[in-house]
Amino acid sequence: MAEGRLAVCPGSYDPVTNGHLDIIGRTANVFDSVVVGVVGQAIRKQAALFTPEERKAFLVEATADLPNVRIEVFTNLLVEFARAEGAIAIVKGLRAISDFEYEFEMNQLNRRLAPEIESVYVIASPDYSFLSSTGVREMATFGGDVSDLVPAPVAAALAERLKRA
Ligand code: ADP
């Protein structure tokens, strides 16, 4: 099925936050369809809290109201995944200058590998510009209330997972 002008929103989503959902929703407003790409293999040294399938399931539930969004796990190079999906753009959220520096470098690399895929940057909403998955995990580890930062099933799973840890 043709999905029109398609964008990929990549990330670890460990776990998905309301900040991610804001970027996904806004991307879905301006593209015909959006594929949220969940990074299946951790590049970062820190071990993931949730498995790629768990992270995908949270995203599927949280985007159920967005008919032009689907979720996929990918384990290959981002530009190869985006190309295979037929994407015309990779969309990233930018929170702060610190995000910019990393994204600037990635942009140059991805541009060399896939010049036909444009990278597009969406500025975080002020409400979420402080919000990261790492911060949420840390808060939850110390019993902080994250219920207004993540979807309800994620908050419940965090409490459950970190209680057992
Ligand atoms: P994190 O940095 O929270 O671990 P990911 O690696 O899952 O996030 O990031 C996926 C994408 O979402 C990235 O483009 C990242 O910059 C963006 N993003 C993450 N949190 C926010 C937020 N609160 N507002 C806007 N964009 C965000």
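These numbers were taken from a predicted model, which means no experiment stands behind them.

Thresholds, definitions, all that
Residues numbered from 1 in each chain as written. Predicted model: local features only at pLDDT ≥ 70, side-chain atom pairs only at ≥ 80, totals over all residues. Heavy atoms only, no water. Helix = DSSP H or I, 4+ residues; strand = E, 2+ residues; numbered from the N terminus. Rg over C-alpha atoms; globule rule 2.2 N^0.38 Å. Buried < 20%, exposed > 50% of the residue type's maximum accessible area, 1.4 Å probe, protein only. Contact = heavy atoms within 4.5 Å. Lys, Arg positive; Asp, Glu negative; His and termini not counted. Charge placed at Lys NZ, Arg CZ, Asp CG, Glu CD. Patch = residues over 30% accessible without salt bridge, like charges linked within 9 Å, V, L, I, M, F, W, Y side chains within 5 Å. Areas by Shrake-Rupley, 256 points an atom, 1.4 Å probe, with all protein chains shown as cover. Salt bridge = Lys/Arg side-chain N within 4 Å of Asp/Glu carboxyl O. Near = heavy atom within 4 Å. Nonpolar A, V, L, I, M, F, W, Y, C, P; charged D, E, K, R; others polar. Arc of directions from axis to C-beta. Expected span 1.5 Å × (residues − 1). Polar contact = N/O pair within 3.5 Å; in protein donor to acceptor, adjacent residues only side chain to side chain.

What follows concerns the overall build of the chain. Tallying secondary structure elements over the chain gives six helices and five strands in all. Start at the N end of the chain and walk to the C end: the helices and strands fall as β-α-β-α-β-α-β-α-β-α-α. Against the 2.2 N^0.38 benchmark of 15 Å for 165 residues, the chain shows a C-alpha radius of gyration of 15 Å, consistent with a compact globule. The burial tally for the chain puts 42% of its 165 residues in the buried class. Partitioning the intrachain contacts of the chain with sequence separation of at least 6 by distance along the chain shows that 77% fall at a separation of at least 24. Here the chain holds 16 positive side-chain charges and 22 negative ones, and the gap between their average locations is 5 Å.

Moving on to a nonpolar patch on the surface. A surface patch of nonpolar side chains, amounting to about 360 Å² of accessible area, comprises Ile97, Phe100 and Phe104. Tracing the backbone through its elements, the reader meets Ile97 in helix 4 (residues 97–113). Under the relative-accessibility criterion, Ile97 is labelled exposed at 71%.

Below, the discussion takes up the site of the ligand. What surrounds the ligand is a group of 17 residues, the closest being Tyr13, Gly93, Tyr128, Leu131 and Ser133. If you list the elements that add at least two residues to the shell around the ligand, you get strand 1 (6–11), helix 1 (18–30) and strand 4 (89–94). Top contributing element to the shell around the ligand by residue count: helix 1, with three residues. In terms of residue class, the shell around the ligand is made up of six nonpolar, seven polar and four charged.

Throughout the structure, instances matching the rule amount to ten salt bridges. We note a salt bridge from Glu72 to Arg70, for which the minimum N-O separation is 2.8 Å. By relative accessible area, Arg70 is classed as partly exposed at 26%. Across the salt bridge formed by Glu116 and Arg83, the nearest N and O atoms sit 2.8 Å from each other. Placement of the pair is Glu116 in the loop between helix 4 and strand 5 (118–123) and Arg83 in helix 3 (residues 78–84), with a sequence separation of 33 residues. Several salt bridges share partner residues, and in doing so they unite Glu3, Arg70, Glu72 and Glu85 into one network.

Within the secondary structure layout, Asp99 lies in helix 4. Residues contacting Asp99, with those up to four places away along its chain left out, are Gly93 and Leu94.

Below, the discussion takes up the environment of Leu113. Mapped onto the secondary structure, Leu113 falls in helix 4. Spatially, the C-alpha atoms of Leu113 and Val79 are 7.2 Å apart, while their sequence positions differ by 34 residues.

Three or more residues of helix 5 (residues 133–141) are buried, namely Ser133, Val136, Arg137 and Ala140. For helix 5, the angular spread of buried residues about the axis comes to 100°, placing them on one side. Once helix 5 finishes, Gly143 follows within two positions and takes phi at roughly 80°, a positive value.

For helix 1, spanning 13 residues, the distance from its first C-alpha to its last is 19 Å, which sits close to the expected 18 Å at 1.5 Å a residue. Turning to helix 1, its buried residues number three or more, namely Asn18, Gly19, Leu21, Asp22, Ile23, Ile24, Gly25, Thr27 and Ala28. Of the surrounding secondary structure, the elements contacted by the buried residues of helix 1 are strand 1, strand 2 (33–39), helix 2 (52–62), strand 3 (69–74), strand 4 and strand 5. Near the N-terminus of helix 1, the side chain that reaches the backbone nitrogen of Gly19, with its oxygen 3.1 Å away, is that of Thr17.

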